[in-house]
Amino acid sequence: MEKAAWRPGMKLSLTARISLLLALAAIIPLLIIVTSTELLSRPQLVAQRANGMSVDAHNRVQLIDAYLSERLHDVQTISRLPFLQRYIVENGAFKQEALDELSSGDQRDANYNTWSLLNLDGQSLLSYPLQPQAHGKYLVLPDALQKIRQSRQAILSDVFYDPTISEASIDIYMPVITPTAAVVGILRVTLVLDYIWNIIDSQADSIGSYAFLLDHNGVRIGYTNMDVSNITQPAHLFEAIEPLSIQTKRLIADENLYGNTLAPVKVFN
């Protein structure tokens, strides 16, 4: 015999009503506790997550700053070595000794590509282990040459990119100064950005967070690669966050910054 099912309009028995009330009495406080706990803890969890991300980002920025500071110290140290100065001043004398000094700089970090000695017109005099690569028309832009003569401090170039080998690099320009404080040449050092990119790539995690690095032109020069096994770089790498000025566009074209010749820089907000 089938039992009658309850239908709207039918009255519940006293036993059924008591059972329902007991069930509600047990469930409602539990729902209140779960709901209130989530509402109260959510802001704290969000704040903890945001604080953790902020600390993590700060630590990575410190790693990048420390790395670049070390590289600048390398270049400054090599620029003061005596045979580089004598090679320039004495018209090519002590060539092997000067090459040995360039070689000692190259050995300081695996990401150095080329160490080059230039004259004050930006022309190559000596290089190790490769010849310096021109970016656009120049080894050093005329504006940078003027700044080197005036400031006598190291200058960092914008970022260059070779999409055929997926390699980004910068040039460090350091004046070669004699003991009499005369600027006689320029040390140009090409540094590949693999170490910095590895720091940015390490930001990727299971919930899909990522990081990117902007330069002073507002172009993303580093972007977390979520698939580091894939040589193809992230889609938004070398894209600007806002429209570029006419002057910046001209500079990018003149120096072929960011691999602009093969993949023109575009804006992505």
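These numbers come from a predicted model, not from an experiment.

**With respect to the side chain of threonine 224**
Following the sequence through the fold, threonine 224 ends up in the loop between β8 (220-223) and α6 (246-255). The exposure class assigned to threonine 224 is buried, which follows from its relative accessible area of 2%. Side-chain polar atoms of threonine 224 contact the backbone oxygen of isoleucine 200, separated by 3.0 Å.

**Considering the nonpolar core**
Residues Trp115, Val159, Leu187, Phe238 and Tyr258 are the most contacted members of the largest nonpolar core, which totals 42 residues. The residues touching leucine 187, leaving out its near neighbours within four places in the chain, are Val75, Ile78, Ser79, Leu102, Trp115, Ser116, Ile172, Tyr173, Met174 and Val176. The next biggest cluster of nonpolar side chains, apart from the first, holds nine residues, and it includes Ala144, Ile148, Ile155 and Ile186.

**Points about the packing of aromatic side chains**
Tallied over the entire structure, the rule returns eight aromatic pairs. When the centroid spacing of 4.2 Å and the interplanar angle of 25° are considered together, the rings of tyrosine 67 and tyrosine 195 count as stacked. Of this pair, tyrosine 67 sits in helix α1 (residues 14-79) while tyrosine 195 sits in helix α5 (residues 194-201), and the two are 128 residues apart along the sequence. Judged by its relative accessible area of 4%, tyrosine 67 falls in the buried class. According to the relative accessible area criterion, tyrosine 195 is partly exposed, its value standing at 32%. Measuring from centroid to centroid gives 5.3 Å for phenylalanine 83 and phenylalanine 94, while their planes differ by 45°, and the two rings are tilted. With a gap of 11 residues between them, phenylalanine 83 in helix α2 (residues 82-89) and phenylalanine 94 in the loop between α2 and α3 (95-106) connect regions that are remote in the sequence.

Calculation criteria
Residues numbered from 1 in each chain as written. Predicted model: local features only at pLDDT ≥ 70, side-chain atom pairs only at ≥ 80, totals over all residues. Heavy atoms only, no water. Helix = DSSP H or I, 4+ residues; strand = E, 2+ residues; numbered from the N terminus. Buried < 20%, exposed > 50% of the residue type's maximum accessible area, 1.4 Å probe, protein only. Polar contact = N/O pair within 3.5 Å; in protein donor to acceptor, adjacent residues only side chain to side chain. Core = buried A, V, L, I, M, F, W, Y, C linked by side-chain atoms within 4.5 Å. Contact = heavy atoms within 4.5 Å. Phe/Tyr/Trp six-rings, centres within 6.5 Å; stacked < 30°, edge-to-face > 60°.

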